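Each chain, written out:
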Amino acid sequence: MREHDVIIIGGGLAGCRAALEIKRINPSLDVALVAKTHPIRSHSVAAQGGIAATLKNVDLEDSWKAHAFDTVKGSDYLADQDGVEILAKEAPDVIIDLEHMGVLFSRLPDGRIAQRAFGGHSYKRTCYAADKTGHAILHELVSNLRRYGVQIYEEWYVMQLIREDGEAKGVVMYQIFNGDMEVVRAKAVMFATGGYGRVFNTTSNDFASTGDGLAMSAVAGIPLEDMEFVQFHPTGLYPVGVLISEAVRGEGAYLRNSEGDRFMKNYAPNQMELAPRDITSRAITLEIRAGRGINLDGSAGGPFVYLDLRHMGKEKIMSRVPFCWEEAHRLVGVDAIEQPMPVRPTVHYSMGGIPVNTDGQVRASADSLVEGLFAAGESACVSVHGANRLGSNSLLECVVYGKRTGATIASYVENRKMPEFDEQSYLNGCQQRVRNLLDKSEGIRINQLRQEFQDCMTEHCGVFRSEKIMKEGLEKIEQLKKKYDLIYLDDKDNCWNTELIEALELKNLMIVGEIILASALNRKESRGAHSREDYPNRDDANFLKHTLAYYSAAGIDINWMSVVINQFEPKERKY
Ligand SMILES: Cc1cc2nc3c(=O)[nH]c(=O)nc-3n(C[C@H](O)[C@H](O)[C@H](O)COP(=O)(O)OP(=O)(O)OC[C@H]3O[C@@H](n4cnc5c(N)ncnc54)[C@H](O)[C@@H]3O)c2cc1C
């Protein structure tokens, strides 16, 4: 059996930053990082707009406390305020550290790191590298991993978390290139597997964002926290759903309805286009519902609104948000210098995830931890985003909490023995799962079932939700789960069998989707991104608490966990 002191699953910002920290603290530790993509193809590479930190290069009055307050208010008071304090306080140092590693941030004329406005932030505090910030950071981190001697398993798919007697002991992984399967044991296992945008039919996320780490944790008996909070980004390019960064509005673009009106004045008169994402996405959805959306021929009553950059002028568009211009041009043939872009909300980010404490150690329940298991980044829930994340706080979370989790792991493994278990039984179980999929030669095609499932989630758990619609959704999922046993693959090969990987991912998507729906059904209030038509108000008396959802084949049990409120008392949220 293979073994490493530490195995990290995920080569995005969170996984890479953790690996680096472990090696910086103790170069003698044997650290491995696994990714089903090449690490530099992790979704982090697609992050556009930037990373928040109160460097005060542009707005001198900014402070960590203002950043923390904006984050807590943005979260609709569901974020844990101890976690947010750490996030905001440690932000400037992690940015400077990234710069010292070689990350090429955009500059002010005097050479300091530039900072732009972002939704829900009350000062200009978002650092960026044009609109390719994730690319700039991830490339630098990955090359540093090689320098520090982290072993990288690229294009290996992790199928199972091994957890015995409550402890995490290792993983089972499958090499996509040749079909080899290996069990790996480790003193510490860390999930940094990113989000689950592919649960829905329209998303800004890459194809690999299938919630694998969440599903593997859930199947191993670990609760998932606050999964009802799914972020819809207001400006997905219509019809493809890819992201047009918030940086475009940060740089001054307008949202307009079919009447040419900047309708945000009716929803967030002070912040306008830079209101937080939950509010802006609801506003767009309501405009479309009221018949003020736009059709491709420009007539009213259609499925999108306009994002209008024209007044910004060519020079600003091409220097600050060139990639967004290119996306619209390449994908829908719109030249944003001359024409407005068609946009509507698209599934973007997972506020919930694997529950962790502020050191990155995974929780087994509200008051106990899982030995040997850690998580950070989008797959984890600290929770610093509560019910709604502010733009540019996610890359920051990956770096701050990736680093902290790495530091925790470096000292944790010093006192831990290499775990023992029966390798063969896990290998047999996973091999059997693969054989079951390969052996069938007729039934249902994967993409047919996946489409049905994604349509079901989009229809029954979208921007607006209600009990009736969600209950119907859960019933449909029960039917779809039965269909999973009928799927068959055309590709029977061991070499690069991506169809097999898609089948394994689909199972994870369905587990995650069911947990999202069950959690959303249980939260009978509207808070942040969770908007119930049958319970339109926030209900602090009954629901100012985190959801912990436990998955089992028999169904989902919901428990609750209290929110850490130590600085900012909950207030009504107005922008
Ligand atoms: C288009 C877009 C733009 C964004 N822009 C911004 C922005 O400007 N600012 C901001 O703060 N946030 C932004 N975000 C959000 C932010 O980019 C992500 O939340 C963050 O990058 C997630 O990083 P991560 O390290 O948690 O995971 P990811 O970068 O998603 O990486 C996940 C890793 O896990 C691996 N993996 C997953 N499952 C398995 C498995 N079963 N086996 C092996 N490996 C596995 C993948 O291969 C990958 O390496 C954006 C997101 C999108 C989609």
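Residues numbered from 1 in each chain as written. Predicted model: local features only at pLDDT ≥ 70, side-chain atom pairs only at ≥ 80, totals over all residues. Heavy atoms only, no water.

Peer 1: Report on the domain arrangement of the chain, specifying residues and quantitative values.
Peer 2: As a measure of interface size, the accessible area lost when the parts come together is often cited. Here the domain parsing of the chain yields domain 1 (2-50 + 72-102 + 135-229 + 349-412), domain 2 (234-344) and domain 3 (430-562). On a C-alpha basis, the centroid separation for the pair domain 1 and domain 3 is 21 Å. Contacts between the two partners involve 47 residues from domain 1 and, on the opposite side, 47 residues from domain 3. Taken together, the links from domain 1 to domain 3 amount to four salt bridges. A salt bridge links E228 to R523; the nearest nitrogen and oxygen atoms lie 2.6 Å apart. For the side of domain 1 that touches domain 3, the secondary structure elements donating two or more residues are β7 (156-164), β8 (167-175), α5 (212-219), β10 (224-225) and β16 (361-365). Residue contributions to the side of domain 1 that touches domain 3 peak at five residues, all from α5. (Domains from an automatic or database assignment. Contact = heavy atoms within 4.5 Å. Salt bridge = Lys/Arg side-chain N within 4 Å of Asp/Glu carboxyl O. Helix = DSSP H or I, 4+ residues; strand = E, 2+ residues; numbered from the N terminus.)

Peer 1: Explain the packing of aromatic side chains to me, using residue names and the numbers behind them.
Peer 2: A full pass over the atoms with the stated rule returns nine aromatic pairs. With centroids separated by 6.3 Å and ring planes inclined at 85°, the aromatic side chains of F263 and Y267 adopt a geometry described as edge-to-face. Residue classification places F263 among the buried residues on the basis of a relative accessible area of 0%. Accessibility expressed as a relative area gives 27% for Y267, which makes it partly exposed. Measuring from ring centre to ring centre gives 5.8 Å for F543 and W560, while their planes differ by 65°; the resulting arrangement is edge-to-face. Note that F543 is positioned in helix α15 (residues 540-543) and W560 in strand β22 (residues 555-562), a separation of 17 residues in sequence. (Phe/Tyr/Trp six-rings, centres within 6.5 Å; stacked < 30°, edge-to-face > 60°. Buried < 20%, exposed > 50% of the residue type's maximum accessible area, 1.4 Å probe, protein only.)

Peer 1: Could you give an account of the nonpolar core, with specific residues and numbers?
Peer 2: In globular proteins that are soluble, nonpolar side chains generally tend to be buried together. Within the largest apolar cluster, 144 residues are counted, with the highest numbers of intra-cluster contacts made by I51 and I516. Here this core gathers at least three residues from each of two domains, domain 1 (2-50 + 72-102 + 135-229 + 349-412) and domain 3 (430-562). Counting 29 residues, the second largest nonpolar core, distinct from the first, contains A268, L307, L309 and I317. (Core = buried A, V, L, I, M, F, W, Y, C linked by side-chain atoms within 4.5 Å.)

Peer 1: So, unusual backbone geometry: which residues are in play, and what are the values?
Peer 2: For the bond running from Y238 to P239, omega is 0°, close enough to zero to count as cis. Following the sequence through the fold, P239 ends up in the loop between β11 (230-237) and α6 (247-250). In this structure, S383 follows V382 across a cis peptide bond, with omega equal to 5°. Among the structural elements, S383 can be located in the loop between β18 (380-381) and α10 (394-412). Despite not being glycine, K56 has its phi angle at roughly 60°, a positive value.

Peer 1: An account of the site of the ligand is needed here, citing residue identities and associated values.
Peer 2: Near the ligand lie 39 residues; those nearest to it are S42, H43, S44, E378 and S394. Taking A14, its main chain carries an N or O atom lying 3.0 Å from an oxygen atom of the ligand. D212 places a polar side-chain atom, nitrogen or oxygen, 2.8 Å from a nitrogen atom of the ligand. Elements represented by at least two residues in the shell around the ligand include exactly α1 (13-25), β2 (31-35), β7, α5, β14 (341-350) and α10. (Near = heavy atom within 4 Å. Polar contact = N/O pair within 3.5 Å; in protein donor to acceptor, adjacent residues only side chain to side chain.)

Peer 1: Which residues make up α1, and what values do they have?
Peer 2: Along its 13 residues, α1 runs 18 Å from first to last C-alpha, staying within 8% of the 18 Å computed at 1.5 Å per residue. Counting buried positions along α1 gives 11 out of 13 residues, so the element sits mostly inside the fold. Listing the buried residues of α1 in full gives L13, A14, G15, C16, R17, A18, A19, L20, E21, I22 and K23. Looking at the buried residues of α1, the elements they touch are β1 (2-9), β2, α3 (81-101), α4 (133-148), β9 (181-191) and α10. (Expected span 1.5 Å × (residues − 1).)

Peer 1: Can you lay out the sheet that holds strand β13 (residues 305-308) for me, pointing to particular residues and giving the numbers?
Peer 2: Pairing is antiparallel in the open sheet, where four strands are placed in the order β11-β14-β13-β12. Unpaired on one side and paired on the other, β11 and β12 (254-256) mark the two borders of the sheet. Adjacent strand axes in the sheet meet at a mean angle of 45° when their direction is disregarded. (Pairing = 2+ DSSP bridges. Axes fitted to C-alpha atoms, helices over the stretch in contact; angles between N-to-C directions.)

Peer 1: Lay out the environment of E569 in plain terms, naming residues and giving numbers.
Peer 2: Structurally, E569 is set in the segment after β22. Separated by 497 residues in sequence, E569 and V72 place their C-alpha atoms 9.7 Å apart.

Peer 1: Help me get a handle on the sheet that holds strand β4 (residues 115-116), residues and values and all.
Peer 2: The sheet built from three strands is open, its strands ordered β3-β5-β4 with antiparallel pairing. In this open sheet, the two edge strands, each paired with only one partner strand, are β3 (51-52) and β4. Relative to strand β5 (residues 126-127), β4 runs antiparallel, the two being bridged by two bridges. By the bridge assignment for β5, Q115 is matched with C127.

Peer 1: Quick rundown of the state of the cysteines? Include the residues and the values.
Peer 2: One pass over the full model with this rule turns up zero disulfides. Distance from the sulfur of C16, which forms no disulfide, to the nearest cysteine sulfur (C398) is 10 Å. What makes C16 buried here is its relative accessible area of 0%. The structure places no disulfide on C381, whose sulfur is separated from the nearest cysteine sulfur, that of C398, by 13 Å. (Disulfide = S-S within 2.5 Å.)

Peer 1: Requested: an account of the packing of α1 against α10, with residues and values cited.
Peer 2: The contact between α1 and α10 brings their axes to 7 Å, and the two run at 35°. Relative to α10, the crossing made by α1 is right-handed. Contacts from L13, A14, R17, A18, E21, I22 and I25 in α1 reach L395, C398, V399, G402, K403, G406, A407, I409 and A410 in α10. Residues belonging to the contact of α1 with α10 are distributed by class as follows: 11 nonpolar, two polar and three charged. (Left-handed = near helix turned anticlockwise from the far one by under 90°. Nonpolar A, V, L, I, M, F, W, Y, C, P; charged D, E, K, R; others polar.)

Peer 1: Can you tell me about α5, naming the residues and giving the values?
Peer 2: The buried fraction of α5 is high, at seven of eight residues. Among all positions of α5, only D212, G213, L214, A215, M216, S217 and A218 are buried. In this structure, the buried side of α5 is in contact with β7, β9, β10, β15 (354-355), α14 (498-522) and β21 (545-552). Downstream of α5 by one or two residues, G221 has phi in the positive range, about 90°.

Peer 1: Lay out the environment of S299 with the relevant residues and their values.
Peer 2: Looking at the secondary structure, you find S299 in the loop between α7 (277-292) and β13. In this structure, the C-alpha to C-alpha distance between S299 and R17, residues 282 residues apart in sequence, is 48 Å. In this view, S299 contacts G293 and I294; residues no more than four positions away in its chain are not counted. Looking at S299, its side chain comes within polar contact range of the side chain of D297, at 2.6 Å.

Peer 1: Pulling in residues and values, what's your account of the side chain of N57?
Peer 2: Positionally, N57 belongs in the loop between β3 and α2 (64-74). Discounting residues that sit within four places of it in the chain, N57 has contacts with L108, R112, I113 and Q115.

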